[in-house]
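Fold and contact review
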Amino acid sequence: MIQQEDQFKKVISHAKEYGYVFQSSEIYDGLSAVYDYGQNGVELKKNIRDYWWRAMVQMHDNIVGVDAAIFMHPTTWKASGHVDAFNDPLIDNKDSKKRYRADVLIEDYCAKIEAKIDKEIEKARKRFGESFDEAQYRSTNPRVLGYQEKIDGTLKRMARSLETEDLADVKALIEELEIADPLTGSRNWTDVKQFNLMFGTKLGASAENAMDLYLRPETAQGIFVNFLNVQKTGRLKIPFGIAQTGKAFRNEIVARQFIFRMREFEQMEMQFFIKPGTQQKWYEHWKETRLKWHLSLGMGAENYRFHDHEKLAHYADAACDIEFKFPFGFKELEGIHSRTDFDLSQHEEYSGKKLQYYDNEENKSYVPYVLETSIGLDRMFLAVLSNSLVEEELDNNTTRTVLRIPAVLAPTKAAVLPLIKRDGLPEIAQKIVDDLKWDFNVDYDEKDAVGRRYRRQDAAGTPFCITVDHETLENNTVTIRHRDSMEQERVPIQSLKELIKKQTDVKHWLMKM
Ligand code: ATP
């Protein structure tokens, strides 16, 4: 646990030190759960967004994009159910005055039991060696079974209570499990209350006729209200999808996990419109497709898992998360939701406009069903950053800090370094930069000894260092050093572009899907 917390702290300070993420308005001591992206962060974020967009929109001839406004007519949020039901259950600790999400306290309690199961399994693996069968052990060992029963029972009861709005029972559960304030250990809790997460604002110049608006809490509704505009003008046939990336705002109750849970964040969502009755097939299809997208980045299959929702949202008939192993454990990275015809039907009802599709094959009109994939860009950023940061022990008893960001996402693809600052080497290096920058983000660096420059680029996540030395003057070759293996090869200057392209090209990575 301590090791995990340490790792998380390192990620946060590394993100700042290397220009990835800063606290918002830091000179005024920051704003809670709001962050700014620095010179490297903005590039990584753009590259993740682009990697998603290319995979979802460009590679699918039946998926198109939109960019809807953040402000929407306020009735949108009545129709979508957000005004009445976009709530989180909150609970306060009377002694520490700290506020928590009641469901998260219970989930964290279960995660601790899960850690105990993992420990039992590790012990057994050591004891049985080669012949250890984890699945069998999980299904037969009484202690593991007991733990699992406790987790399942607890989560089921919580889901039931939340679904029936029995908040007294949620509190009773917290008391029965003897859950204490993680910061102080106090068990002196208030009752559980519902808290709406939408930020309100006003539109209009005078106070009398100002209109109450919300900052959108998800990008999805901008897609639903444009469903017919896009379908008609694009002459799209079901099944088809509409994708969107953009800011969303939630007044989160607890936001203490860096960019994992922010009050202003970015989503990458795709709504796939389908024939009613086919949702199971498409649900499986998108689960598989989205997982493949994640795996294509090579961040370790063992770091992902599916988690089926115990408590379905008001709009869903099936839902699961793709969870990622963050430094603080497995947590939701992306949601895949079968939303039925809930959203479009609600908008039909509230707007009085028909939002139907005429199916030529079936010869009838219907309200399509929707399959949604929804991923947080900032969470994906955190997944990449935390997975990439490694401290390596080297052969000569030193360590190096390296950010092994998948090359396709790296902010800077190559740094060009003249070995020394004279003999015409800087001029050649600058010429290489001028040539490569048409295709890639590249950096020029001549300060300090070359070894230190390598380290600096390793820590910033740059996959290639190109060094210009005296041999370059003789035969137009340079060395190219690979960040992860630290291997160096001598190559002609003319081959650099192809070499870098091969390793950083979206195609090269997406082809693995
Ligand atoms: P959680 O249970 O963690 O609050 P959620 O189930 O409310 O998340 P969704 O409404 O399904 O999340 O949103 C889709 C995705 O948007 C999430 O999988 C997550 O990656 C991202 N997301 C949601 N809330 C936040 C937030 N406050 N900060 C950053 N990303 C977020």
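Residues numbered from 1 in each chain as written. Predicted model: local features only at pLDDT ≥ 70, side-chain atom pairs only at ≥ 80, totals over all residues. Heavy atoms only, no water.

Notes on helix α11 (residues 279-296)
With 18 residues, α11 extends 25 Å from end C-alpha to end C-alpha; this agrees with the ideal 26 Å at 1.5 Å per step. For α11, the set of buried residues is Gln279, Trp282, Tyr283, Trp286, Lys287, Thr289, Arg290, Trp293, His294 and Ser296. Remark: Gly298 follows α11 within two positions and exhibits a positive phi of approximately 70°. (Helix = DSSP H or I, 4+ residues; strand = E, 2+ residues; numbered from the N terminus. Expected span 1.5 Å × (residues − 1). Buried < 20%, exposed > 50% of the residue type's maximum accessible area, 1.4 Å probe, protein only.)

Quick notes on the packing of helix α2 (residues 39-58) against helix α13 (residues 377-388)
Orientation of α2 relative to α13, taken along the N-to-C sense of each, is 110°, at an axis distance of 10 Å. When the axes of α2 and α13 are compared, the pair comes out roughly perpendicular. Contact residues: Gly41, Leu44, Lys45, Ile48 and Arg49 in α2; Leu377, Asp378, Met380, Phe381, Val384 and Leu385 in α13. Split into classes, the residues belonging to the contact of α2 with α13 amount to seven nonpolar, one polar and three charged. (Axes fitted to C-alpha atoms, helices over the stretch in contact; angles between N-to-C directions. Parallel < 35°, antiparallel > 145°, perpendicular 65-115°, else oblique. Contact = heavy atoms within 4.5 Å. Nonpolar A, V, L, I, M, F, W, Y, C, P; charged D, E, K, R; others polar.)

Some words on the domain arrangement of the chain
We note that the domain assignment places domain 1 (1-70 + 229-295 + 316-400) and domain 2 (412-510) within the chain. In this structure, domain 1 and domain 2 have C-alpha centres spaced 33 Å apart. With 15 residues of domain 1 at the contact, the number on the domain 2 side is 15 residues. Carbon and sulfur atoms supply 53% of the area that domain 1 and domain 2 bury against each other, a total of about 1100 Å² over both sides. It is Tyr18, Tyr51 and Arg400 in domain 1 that bury the most area against domain 2; as a group they hold 48% of the surface buried on that side. Inspection of the region where domain 1 meets domain 2 yields one salt bridge. A salt bridge links Arg400 to Asp458; the shortest N-O distance between them is 2.9 Å. In this assembly, domain 1 and domain 2 are joined by six residue pairs in polar contact (both at pLDDT 80 or more). (Domains from an automatic or database assignment. Buried area = accessible area lost by both parts, 1.4 Å probe. Salt bridge = Lys/Arg side-chain N within 4 Å of Asp/Glu carboxyl O. Polar contact = N/O pair within 3.5 Å; in protein donor to acceptor, adjacent residues only side chain to side chain.)

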